[in-house]
Amino acid sequence: MLTYILTDINGRKSTMNYPLSVSFVSSDDAPADSLKLVFAVNESVYPVVSIIVENGGERIFSGLVDTQTEQQTNGGMLLTLTARSLECVLLDNEALPQTYCMPSMPLIFKRHLEPLGFKEYIGTD
């Protein structure tokens, strides 16, 4: 059985099962996979920032939530989440145009690698 582990903006984790709808898209020409889920919920849900999908304890998807909507219907409340796999972080990088004349490695690291979360590099300046 698939298990959906949601992490909210406060770092709290909640486990969801039995979505009403699941749409998973993985394409050879797109680096990030996408996932759309619809759950029936009893109450409003804190903003969700990430999701992990496991199958029998094995992680099969891990990603960041792009959108979260809640809709009140006659049958109850629906929570819809759209997420992309962690590769989306690389896609969403907006590098600033720069012109360099013999830049140092510390300068390139500071401007282009640190914003992506890299902490150090190995090599000469």
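Being a predicted model, the structure only gives us computed values, none of them experimental.

1. Considering the overall build of the protein chain
For step 1, the next point in the chain: In terms of regular secondary structure, the protein chain is built from two helices and seven strands.
For step 2, the next point in the chain: A globule of 125 residues ought to have a C-alpha radius of gyration of about 14 Å, yet the protein chain, at 19 Å, is considerably larger.
For step 3, the next point in the chain: In terms of principal-axis extent, the alpha carbons of the protein chain reach across some 65 × 30 × 30 Å.
For step 4, the next point in the chain: Here the protein chain, with 125 residues, has 23% of them falling under the buried criterion.
For step 5, the next point in the chain: Only carbon and sulfur atoms are counted for the fraction: they give 53% of the accessible area of the protein chain, which is about 8900 Å².
For step 6, the next point in the chain: Charged side chains of the protein chain number 8 positive and 15 negative; the gap between the two group centres comes to 7 Å.

2. Some details on the nonpolar core
For step 1, the next point in the chain: Counting residues in hydrophobic clusters, the biggest one holds 16 residues, and the most contacted among them are Y4 and I51.
For step 2, the next point in the chain: Elements supplying a minimum of two residues to this core: β1 (2–8), β4 (34–41), β5 (48–55), β6 (58–73) and β7 (76–85).
For step 3, the next point in the chain: If we ignore the near neighbours within four places in the chain, the residues touching Y4 are S14, T15, M16, N17, P19, V22, L37, F39, I51, I52 and V53.

3. Some remarks on the packing of aromatic side chains
For step 1, the next point in the chain: Throughout the structure, instances matching the rule amount to three aromatic pairs.
For step 2, the next point in the chain: Ring plane angle 75 degrees and centroid distance 5.6 Å describe the contact between Y4 and F39, whose orientation is recorded as edge-to-face. Here the residue Y4 occupies a position in strand β1, and F39 occupies one in strand β4, the gap between them amounting to 35 residues.
For step 3, the next point in the chain: When its relative accessible area of 4% is taken as the criterion, Y4 is described as buried.

4. A closer look at the environment of L116
For step 1, the next point in the chain: In this structure, L116 sits in the segment after α2 (105–113).
For step 2, the next point in the chain: With 26 residues separating them in the primary sequence, L116 and L90 have C-alpha atoms 7.9 Å apart.

Cut-offs and rules
Residues numbered from 1 in each chain as written. Predicted model: local features only at pLDDT ≥ 70, side-chain atom pairs only at ≥ 80, totals over all residues. Heavy atoms only, no water. Helix = DSSP H or I, 4+ residues; strand = E, 2+ residues; numbered from the N terminus. Rg over C-alpha atoms; globule rule 2.2 N^0.38 Å. Buried < 20%, exposed > 50% of the residue type's maximum accessible area, 1.4 Å probe, protein only. Areas by Shrake-Rupley, 256 points an atom, 1.4 Å probe, with all protein chains shown as cover. Lys, Arg positive; Asp, Glu negative; His and termini not counted. Charge placed at Lys NZ, Arg CZ, Asp CG, Glu CD. Core = buried A, V, L, I, M, F, W, Y, C linked by side-chain atoms within 4.5 Å. Contact = heavy atoms within 4.5 Å. Phe/Tyr/Trp six-rings, centres within 6.5 Å; stacked < 30°, edge-to-face > 60°.

Such coordinate-based values are descriptive only and should not be taken to indicate function.
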